[in-house]
Amino acid sequence: MQIDYYSNTQDGHPHVVKDGHPHVVKDCRPHVSTRWPPRDGLQGKAVVDEQAYREGKLGTARPAGEGTSELINKEKLSQGRLFTRSFEDGLGFEYVMFYNDAEKRIVCVFQGGPHLQGMPGFFHGGAIATMIDATVGMNAIVSGGIVMTANLNINFKRPIPLCSIVLINSQLDKIEGRKLLVSCNVQSVDEKILYTEATSLFVKLNPEKEFDIKELVLKSAPPA
Ligand SMILES: CCCCCCCCCCCC(=O)SCCNC(=O)CCNC(=O)[C@H](O)C(C)(C)COP(=O)(O)OP(=O)(O)OC[C@H]1O[C@@H](n2cnc3c(N)ncnc32)[C@H](O)[C@@H]1OP(=O)(O)O
């Protein structure tokens, strides 16, 4: 896949080159993904709509039900934020995802900010894992509905330079009942460097207890 942009710009932001003219992308989070031109059959549409996410329409955790107040502070819950959206613009996770429904794959263009540093000058492995989980997780969600990560295996092959732009190529491999197997790799934009490979298992939640936060909290609470 060819994506026309370059990162070594004077202002430090990636530039999309479209029709021969560079367009600065200062915030390439999903809700502004339409700035990115579709490539290679990938639909240039956001797979996370921020407004819908905030309104809980995308299968996010429902508010705690009756009887859960002793376990969950509702005020704290209302402050919940998608982890990858919890940094100031430009400092954390800057990304856009393109989903191809026919091929059940997602390409995520990711540029992590300086607050994702691990070893000096490189991304923290946990930040890479987060972005991988977000991408393969989104692939599973759009392919199968409400799921949770049951297993995530990551091979870190090369360190990723801090603030560089990478592609996360994710593919739904198989659906077995409630299980969805999704794999991905992380590559440089010219696809010459393979940084990371991962496989994952997502499990569809039982529809009767669809993402019931009360159930999840009760199950994960330590014994009294
Ligand atoms: C949209 C906007 C926001 C967008 C948000 C975008 C976010 C991206 C996604 C982030 C997702 C996360 O980080 S999720 C957070 C991290 N994950 C979690 O906290 C999940 C914790 N684990 C659980 O809650 C549970 O274990 C579940 C839900 C995963 C599964 O429980 P369950 O529903 O009771 O299912 P269970 O019967 O145990 O298992 C069903 C089948 O899966 C198999 N199975 C289960 N776990 C495993 C496993 N680790 N390894 C192998 N196989 C497994 C079982 O053997 C069985 O196979 P068979 O007998 O049927 O063959």
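The protein chain carries the name Acyl-coenzyme A thioesterase THEM4 in an unreviewed UniProt entry, which gives Myotis brandtii as its organism. As stated in UniProt under Sequence similarities (unreviewed entry), the record for the protein chain gives "Belongs to the THEM4/THEM5 thioesterase family."

Enquirer: Which residues make up the UniProt feature "domain: Thioesterase" (unreviewed entry) in the protein chain, and what values do they have?
Expert: Following the UniProt record, one finds the feature "domain: Thioesterase" (unreviewed entry) at residues 121-191. In the segment residues 121-191, helix accounts for 28% and strand for 45%; the C-alpha atoms at its two ends are 21 Å apart.

Enquirer: Explain the environment of Val203 to me, and be specific about the residues and the numbers.
Expert: As for its placement among the helices and strands, Val203 is situated in strand β9 (residues 194-204). Along the chain, Val203 and Gly144 lie 59 residues apart, while their C-alpha atoms are 9.3 Å from each other.

Enquirer: Could you give an account of the packing of aromatic side chains, with specific residues and numbers?
Expert: What the rule picks out here adds up to four aromatic pairs. Residues Phe87 and Phe93 carry aromatic rings whose centres are separated by 5.5 Å and whose planes lie at 70 degrees to one another, so their mutual orientation is edge-to-face. On the accessibility criterion, Phe93 (1% relative accessible area) is buried. Taken together, the aromatic side chains of Phe83, Phe87, Phe93, Phe110 and Phe123 make up a single cluster linked through ring pairs.

Enquirer: If you had to explain the site of the ligand to someone new, which residues and values would you point to?
Expert: Asp133, Thr149, Ala150, Arg178 and Lys179 are the nearest of the 16 residues found near the ligand. In the model, an oxygen atom of the ligand is placed 2.5 Å from a nitrogen or oxygen of the Arg178 side chain. Isolated, the ligand exposes 1,300 Å² of accessible area, and the fraction of that covered by the protein chains is 54%. Listing elements by their share of the shell around the ligand, those giving two or more residues are α3 (125-144), β6 (147-156) and β9. For the shell around the ligand, the element with the most residues is α3, which contributes four residues. For the shell around the ligand, a count of residues per class yields 10 nonpolar, two polar and four charged.

Enquirer: Lay out the confidence of the model for the protein chain with the relevant residues and their values.
Expert: Caution applies to low-pLDDT regions: their predicted coordinates should not be interpreted in detail. The pLDDT averaged across the protein chain works out to 74; a share of 59% of its residues lies at or above 70. Across the protein chain, the element-wise mean pLDDT spans from 36 in strand β1 (residues 5-6) up to 98 in strand β8 (residues 179-188). Predicted confidence for residues 1-50 stays below pLDDT 50, and this span has 114 contacts to residues more than four positions away or in other chains. Scored below 50 in pLDDT, residues 56-70 shows 23 contacts in the model against residues more than four places distant or in partner chains. Scored by ipTM, the complex comes to 0.97, with pTM at 0.74.

Enquirer: Let's hear about the side chain of Glu94: which residues, and what values?
Expert: Within the element layout of this structure, Glu94 appears in strand β4 (residues 93-100). Polar contacts involving the side chain of Glu94 include one to the main-chain amide nitrogen of Gly90, which spans 2.5 Å.

Enquirer: Kindly report on the nonpolar core, identifying the contributing residues and their values.
Expert: Counting residues in each nonpolar core, the largest one holds 29 residues, and the members touching the most others are Phe110 and Met131. Those elements that provide at least two residues to this core are β4, β5 (105-112), α3, β7 (165-176), β8 and β9. Looking at which element gives the most residues to this core, the answer is α3, with seven residues. In contact with Phe110, other than residues within four places in its own chain, are Phe93, Glu94, Tyr95, Leu116, Met131, Ser164, Ile165, Val166 and Ile168. Counting six residues, the second-largest nonpolar core is a separate cluster that includes Val96, Val107, Val109 and Leu167.

Criteria and cut-off values
- Residues numbered from 1 in each chain as written.
- Predicted model: local features only at pLDDT ≥ 70, side-chain atom pairs only at ≥ 80, totals over all residues.
- Heavy atoms only, no water.
- UniProt positions renumbered as here; feature names shortened; annotations may be inferred.
- Helix = DSSP H or I, 4+ residues; strand = E, 2+ residues; numbered from the N terminus.
- Phe/Tyr/Trp six-rings, centres within 6.5 Å; stacked < 30°, edge-to-face > 60°.
- Buried < 20%, exposed > 50% of the residue type's maximum accessible area, 1.4 Å probe, protein only.
- Near = heavy atom within 4 Å.
- Polar contact = N/O pair within 3.5 Å; in protein donor to acceptor, adjacent residues only side chain to side chain.
- Areas by Shrake-Rupley, 256 points an atom, 1.4 Å probe, with all protein chains shown as cover.
- Nonpolar A, V, L, I, M, F, W, Y, C, P; charged D, E, K, R; others polar.
- pLDDT = per-residue confidence, 0-100.
- Contact = heavy atoms within 4.5 Å.
- Core = buried A, V, L, I, M, F, W, Y, C linked by side-chain atoms within 4.5 Å.

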